[in-house]
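Structural overview for review
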Amino acid sequence: MASNRTFTMIKPDAVRNGHIGAILEQITVSGFKIVALKMTQLTIKDAESFYAIHKERPFYGELVAYMTSGAIVAAILEKENAVEDFRTLVGATNPEDAAEGTIRKKYATSLTENAIHGSDSDDNAAIESAFHFSFREQF
Ligand code: IDP
Ligand code: MG
């Protein structure tokens, strides 16, 4: 059964470019309820472990440098079929390929600096949520 929660981060480029409010608005009008929220900054160790699955990829160093370059906004979102529906709202990894109206199409800077993260499975949503939020920070 699909879980009803997913995890997101508004990434440093979107925070720097002043898009926190617009992105949170688009998320909530699309039917997602925010059940955890914080502004924070990843350490290099945080980013390396969060993206450990990409360790062997050529862009890993660039990705870690970018993700630690400024503040992020982390959130847990609730909606029926949350993981899949949120990936649709976020759009393709490369903003040039992202569908019209998606968050990456509207707010991403480049393939690496692509504005927002969305968990790719229920298991990863749970792992990533626990990475950022204690039990009492999840409502
Ligand atoms: P996703 O965020 O759409 O799930 P992943 O393949 O999991 O995409 O990649 C994680 C992140 O790494 C992307 O969101 C993007 O910031 C960056 N990234 C992915 N592929 C590339 C690439 O080919 N070049 C540079 N950066 C990339
Ligand atoms: Mg991914």
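Residues numbered from 1 in each chain as written. Chains lettered and ligands numbered in written order. Predicted model: local features only at pLDDT ≥ 70, side-chain atom pairs only at ≥ 80, totals over all residues. Heavy atoms only, no water.

**A short note on the site of ligand 1**
Here is the rule we go by: The rule for a residue being near a molecule or strand is that one of its heavy atoms must lie within 4 Å of it. As used in this structure description, the phrase polar contact means that two N or O atoms lie within 3.5 Å; if the pair is within protein, one of them must be able to donate a hydrogen and the other to accept it, and residues adjacent in sequence are counted only when both atoms belong to side chains. For every accessible area listed, the method is Shrake-Rupley and the probe measures 1.4 Å; residues are considered covered only by the protein chains on display. Of the grid points, spaced at 1 Å and generated over the protein atoms alone, those admitting a 1.4 Å probe that cannot get out make up cavities, while open sets with protein on both sides within 12 Å along at least five of seven lines make up pockets; any residue with an atom within 4 Å of a point is treated as lining. By definition, a pocket or cavity contains a molecule when more than half of the molecule's atoms lie within 2 Å of the pocket's grid points. Amino acid classes used here: Ala, Val, Leu, Ile, Met, Phe, Trp, Tyr, Cys and Pro are nonpolar; Asp, Glu, Lys and Arg are charged; the rest, including Gly, are polar.
Lining the immediate surroundings of ligand 1 are Lys 11, Tyr 51, His 54, Phe 59, Leu 63, Arg 87, Thr 93, Arg 104, Leu 111, Thr 112 and Asn 114. Arg 87 has a polar side-chain atom sitting 2.9 Å from an oxygen atom of ligand 1. Starting from 530 Å² of accessible surface for ligand 1 in isolation, the protein chains cover 80%. Comparing atom positions with the cavity grids shows ligand 1 to sit within the largest pocket. Grouping the amino acids of the shell around ligand 1 by side-chain chemistry returns four nonpolar, four polar and three charged.

**Considering unusual backbone geometry**
For clarity, the threshold we go by: Here a strand is any run of E in DSSP of at least two residues, a helix any run of H or I of at least four, and the numbering for each starts at the N terminus.
With a phi angle near 60°, Asn 81 is a residue other than glycine that sits in the positive phi range. Counting through the fold element by element, Asn 81 comes out in the loop between strand 3 (72-78) and helix 5 (82-90). Its identity as a non-glycine residue notwithstanding, Ala 115 has a phi of 75°, on the positive side. Turning to its location among the elements, Ala 115 is positioned in the loop between helix 6 (103-107) and strand 4 (116-118).

**Considerations on the nonpolar core**
Heads up, the rule is: For this analysis, a nonpolar core means a set of buried residues of the types Ala, Val, Leu, Ile, Met, Phe, Trp, Tyr and Cys, connected via side-chain atoms within 4.5 Å. Throughout, exposure labels follow a simple rule: accessible area from a 1.4 Å probe, protein chains only, divided by the maximum for the residue type, with under 20% read as buried, over 50% as exposed, and the rest as partly exposed.
Counting 18 residues, the largest nonpolar core has Ile 10, Ile 23, Ile 27, Phe 32, Phe 86, Ile 103 and Ile 116 as the members making the most contacts within it. Of all elements in the fold, only helix 1 (12-16), helix 2 (20-29), strand 3, helix 5 and helix 6 reach the threshold of two or more residues within this core. Take this core: its biggest share by element is four residues, from helix 5. Counting 17 residues, the second-largest nonpolar core is a separate cluster that includes Phe 7, Ala 47, Tyr 51 and Tyr 66.

**Some thoughts on the layout of surface pockets**
Applicable threshold: Grid points are joined across faces, edges and corners, and a volume is the space filled by probe spheres set on the points.
Taken as a whole, the largest pocket encloses approximately 650 Å³ of empty space. Taken together, 23 residues form the lining of the largest pocket, with Tyr 51, Ile 53, His 54, Leu 63 and His 117 sitting closest to its centre. Elements supplying a minimum of two residues to the lining of the largest pocket: helix 3 (44-50), strand 4 and helix 7 (122-132). Ranked by the residues each element gives to the lining of the largest pocket, the list is headed by helix 7, at four residues. Across the lining of the largest pocket, the residue classes break down as eight nonpolar, nine polar and six charged.

**Structural notes on helix 4 (residues 60-67)**
Which entries qualify depends on this criterion: As used here, the arc is the angular range of directions from the helix axis to the C-beta atoms. Should any heavy atoms of two residues lie within 4.5 Å, those residues are considered in contact.
All of the buried residues in helix 4 are Tyr 60, Leu 63, Val 64, Tyr 66 and Met 67. The arc that holds every buried residue of helix 4, seen down its axis, measures 165°, which confines them to one face. Against strand 1 (5-10), helix 1, helix 3 and strand 3 lie the buried residues of helix 4.

**Quick notes on helix 7**
Turning to helix 7, its buried residues number three or more, namely Ala 125, Glu 128, Ser 129 and His 132. Axial view of helix 7: buried residues confined to an arc of 105°, hence all on one face. Within helix 7, the exposed residues directed more than 90 degrees away from the buried face are Asp 123, Ile 127 and Ala 130. Those residues of helix 7 that are buried are in contact with strand 1, strand 2 (33-40), helix 3, strand 3, helix 5 and strand 4.

**Overview of the packing of aromatic side chains**
For the record, the criterion: Pairing of aromatic rings covers Phe, Tyr and the six-membered ring of Trp, with a centre-to-centre limit of 6.5 Å; geometry is then stacked below 30 degrees between planes, edge-to-face above 60, and tilted otherwise.
Enumeration over the complete set of coordinates arrives at four aromatic pairs. Ring centres of Phe 7 and Phe 50 lie 6.1 Å apart, and the angle between their planes is 50°; this geometry places the pair in the tilted category. Remark: Phe 50 occurs in helix 3 and Phe 7 occurs in strand 1; sequence separation between them is 43 residues. Taking the relative accessible area as the measure of exposure, Phe 7 reaches 0% and is therefore buried. Under the relative-accessibility criterion, Phe 50 is labelled buried at 11%. Between Phe 32 and Phe 86 the ring centres are 5.3 Å apart and the planes differ by 80°, which places this aromatic pair in the edge-to-face class. Residue Phe 32 is located in the loop between helix 2 and strand 2, and its partner Phe 86 is located in helix 5; the two are separated by 54 residues in the primary sequence. Like Phe 86, Phe 32 is buried.

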